[in-house]
Amino acid sequence: MPYLYALLALVLVVILVVAIRTYIFTKSAAQPPLPLESSLPDPQLDPLVPAQHLSAAIQIETVSHEDPAQDDPEKFDALHRLLEDAYPRLHTQLTREVFDGGSLLYTWRGRDLSLEPVLFMAHQDVVPADEFTLDKWTYPPFSGAIEEGFIWGRGSLDIKCQLIAIMEAVENLLAAGFTPERTVYISSAHDEEVLGLGAPRIVALLKERGVRLQAVIDEGTAILDGVLPGFTGYTAAIAVTEKGYLSLKLTTESGGGHSSTPAPETSIGIISRAIDRLQSNPFPHNLKVTEPMFRAFSPAASTLMKVAFANLWLFGGLVRGRLAASPETAASLHTTTAPTIFHSGIKENVLPSLAEAVVNFRILPGETVAGVIERVRSVINDERVKITPIHTSQWEPSPVSPSDCPAYRHITTVVQELYPGTTCAPNIMLGATDSRHYHAISDRVYRFTPILSRKLDLERIHGINERISLENMHNMVLFFHRLIQRWSSQKM
Ligand SMILES: [Zn+2]
């Protein structure tokens, strides 16, 4: 009997701890909006104007290639001419520098040069449209068709929309006689999609000039409607960090010979086993990194999720299982392993003397390139497999930018003004963006694209029928119209 009482007491204590932790966890999530004393009213904008500018930009095929010799510089010149025509005030009152290949840096001098400038960015290049899917597009990928309430084509979501929205906002601010307190930069690389040199060149130049930036915003995560499992309403994830990147080549050489007298394992078998070991031993999940995101998102979570997130000590396994089940959230939990290339063999009756594979890793903040290589070596545990990093493409995860500073809170305030009721949270950018280079000259680098997206919209990025609604495009202009005023203010 005394055991039963003890057990009952223990259960009650656990329930009490769970309840208190849930209360504290949910309470700590709320961040009040940040006021701005004076701001200009939103421009009275015909939504067709930014739509037509975006449509014209989409029609110029600024596709970037792994081999820059294949790029067409005339296309980037044409896009620059289009921007000049569409934004005459911007092009007379801001200074523009053009870099090799077509990257751009605009400078809008602020009133107080002792204040650290801010920078808005969006790349000009796009990925090609796969020729085998052309017949699946409702409107051709470079038509820029304005139909059914959408602007259609490559770059409409990634990310000419952001470039056009920033420029549209600046043009309207100039028309209203606005002068920023801080200097405002706009940077736009021509080769982001091929991990090119445009952005690093701009950063190197700013560094050489001794520029230190108060804050940077680049393309990134969006406002999601019903994408995250277990959450209701709109959720805006603002990426405060970005995963690292590493590709490893696995090679093995063996004697070759005739396939009638094979050794117990051929080169193909050895590399296949190495890959299998990597896939059967994924990198461990780390809920620590995503904890701030789920804390901030907790007001939008179901009661069960709230309780679980506040009590990872008890429900960690359950939460991990739930998040790992969805590809949208699984990749934020750990360093991912993706075998992407496999080469071997020349003839069906010849033993391959060489087999090689490439495995791509996206590294979770908190881990390192060296740590990943070490783990891969120990998991494969086979001296016959040579492991070599592909040095041209590897970098560490980005530092984490703060989510309790004015720069971040101005973003969330504007999101909540334009999309009332949205829950905002800091999160991890899973893909790579040019913004990673800017950590060299700023402690506050954010990746956010103020577009309201549903699950199917996300699949259109780099895919078929990429499109943005006129309403999203219009709101994006308003977002930057407000954010530029806030970020360039003295108190930022
Ligand atoms: Zn992009």
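Calculation criteria
- Residues numbered from 1 in each chain as written.
- Predicted model: local features only at pLDDT ≥ 70, side-chain atom pairs only at ≥ 80, totals over all residues.
- Heavy atoms only, no water.
- Salt bridge = Lys/Arg side-chain N within 4 Å of Asp/Glu carboxyl O.
- Helix = DSSP H or I, 4+ residues; strand = E, 2+ residues; numbered from the N terminus.
- Buried < 20%, exposed > 50% of the residue type's maximum accessible area, 1.4 Å probe, protein only.
- Phe/Tyr/Trp six-rings, centres within 6.5 Å; stacked < 30°, edge-to-face > 60°.
- Expected span 1.5 Å × (residues − 1).
- Donors = N, O, S within 2.8 Å, 3.2 Å for Na, K, Ca; no water.
- Tetrahedral: all angles 85-135°; square planar, octahedral: opposite > 155°, others 65-115°.
- Axes fitted to C-alpha atoms, helices over the stretch in contact; angles between N-to-C directions.
- Parallel < 35°, antiparallel > 145°, perpendicular 65-115°, else oblique.
- Contact = heavy atoms within 4.5 Å.
- Nonpolar A, V, L, I, M, F, W, Y, C, P; charged D, E, K, R; others polar.
- Core = buried A, V, L, I, M, F, W, Y, C linked by side-chain atoms within 4.5 Å.
- Pairing = 2+ DSSP bridges.
- Polar contact = N/O pair within 3.5 Å; in protein donor to acceptor, adjacent residues only side chain to side chain.

Caption draft 1: Broad picture of the pattern of salt bridges. For the structure shown, the criterion picks out 19 salt bridges. Residue Glu74 is joined to Arg81 by a salt bridge in which the shortest nitrogen-to-oxygen separation is 3.0 Å. Put simply, Asp225 and Arg454 hold a salt bridge, and the shortest N to O gap is 3.0 Å. Placement of the pair is Asp225 in strand 7 (residues 215-225) and Arg454 in the loop between strand 14 (445-453) and helix 14 (455-459), with a sequence separation of 229 residues. Judged by its relative accessible area of 23%, Asp225 falls in the partly exposed class. The exposure class assigned to Arg454 is partly exposed, which follows from its relative accessible area of 41%. Each of Asp42, Glu417, Arg482 and Arg486 takes part in salt bridges that share partners, so that together they form one network.

Caption draft 2: Highlighting the packing of aromatic side chains. The tally for this structure, following the rule as stated, stands at 12 aromatic pairs. Arranged with centres 6.2 Å apart and planes meeting at 80°, the rings of Phe120 and Phe480 form a pair that is edge-to-face. Taken together, the positions of Phe120 in strand 3 (residues 118-121) and Phe480 in helix 15 (residues 470-487) put the pair 360 residues apart, joining distant regions of the chain. The pair Phe120 / Phe480 is uniform in exposure class, with both members buried.

Caption draft 3: Fine view of helix 5 (residues 160-175). Its 16 residues place the ends of helix 5 22 Å apart at the C-alpha level, agreeing with the 22 Å of an ideal helix rising 1.5 Å per residue. Among the 16 residues in helix 5, 14 count as buried, and that is most of the element. One or two positions beyond helix 5, positive phi appears at Gly177, with a value near 80°.

Caption draft 4: Main features of the coordination of the zinc ion. With distances of 2.0 to 2.7 Å, the protein atoms coordinating the zinc ion are His123 (NE2), Asp158 (OD), Glu219 (OE) and Glu219 (OE). The coordination sphere of the zinc ion comprises 4 donor atoms, whose angles at the metal cover 53 to 148°; the geometry is irregular. Along the chain, the residues donating to the zinc ion are arranged with the sequence spacing H-x34-D-x60-E. Of this pair, Asp158 sits in the loop between strand 5 (150-152) and helix 5 while Glu219 sits in strand 7; the two residues are 61 residues apart in sequence, bridging distant segments of the chain.

Caption draft 5: A look at the packing of helix 8 (residues 287-297) against helix 10 (residues 312-324). Remark: helix 8 packs on helix 10, axes separated minimally by 12 Å, with the N-to-C direction vectors making an angle of 90°. Considered as vectors, helix 8 and helix 10 are oriented roughly perpendicular to each other. When helix 8 is examined against helix 10, the residues Leu287, Glu291 and Phe294 are found in contact with a partner set consisting of Leu312, Gly316, Val319, Arg320 and Leu323. Here the residues of the contact of helix 8 with helix 10 sort into 5 nonpolar, 1 polar and 2 charged.

Caption draft 6: Structural detail: the nonpolar core. By size, the foremost hydrophobic cluster in this structure holds 67 residues, and its most contacted members are Phe120, Ile411, Phe479, Phe480 and Trp487. Phe480 has contacts with Phe120, Gln162, Ala165, Ile166, Ala169, Ile217 and Pro450, leaving out every residue within four places of it along the chain. In terms of nonpolar packing, the next biggest core, distinct from the first, is built from 22 residues, Ala274, Ile275, Val369 and Ile373 among them.

Caption draft 7: Spotlight on the side chain of His80. Within the element layout of this structure, His80 appears in helix 3 (residues 73-86). Excluding residues that lie within four positions of it along the chain, His80 makes contacts with Arg96, Val98, Gly102, Leu104 and Gln124.

Caption draft 8: Main features of the sheet that holds strand 10 (residues 336-344). An order of 10-11-9-12 is seen for the 4 strands of this open sheet, with the pairing classed as antiparallel. For this open sheet the edge positions go to strand 10 and strand 12 (386-395), each flanked by a neighbour on one side alone. The sheet shows a mean angle of 20° between the axes of neighbouring strands, direction not considered. Sheet topology places strand 9 (residues 244-253) next to strand 12; 6 bridges connect them, and they run antiparallel. Bridged to Tyr245 within strand 12 is Trp395.

Caption draft 9: Representation of the environment of Arg447. Take Arg447: it is sitting in strand 14. The buried category is assigned to Arg447, whose relative accessible area is 0%. Taking the C-alpha atoms as reference points, Arg447 and Leu205, 242 residues apart in sequence, are found 22 Å from one another. A polar side-chain atom of Arg447 sits 2.8 Å from a polar atom in the side chain of Glu242. A polar atom in the side chain of Arg447 sits 3.2 Å from the backbone oxygen of Val445.

All quantities given are derived from atomic positions and should not be read as evidence of function.
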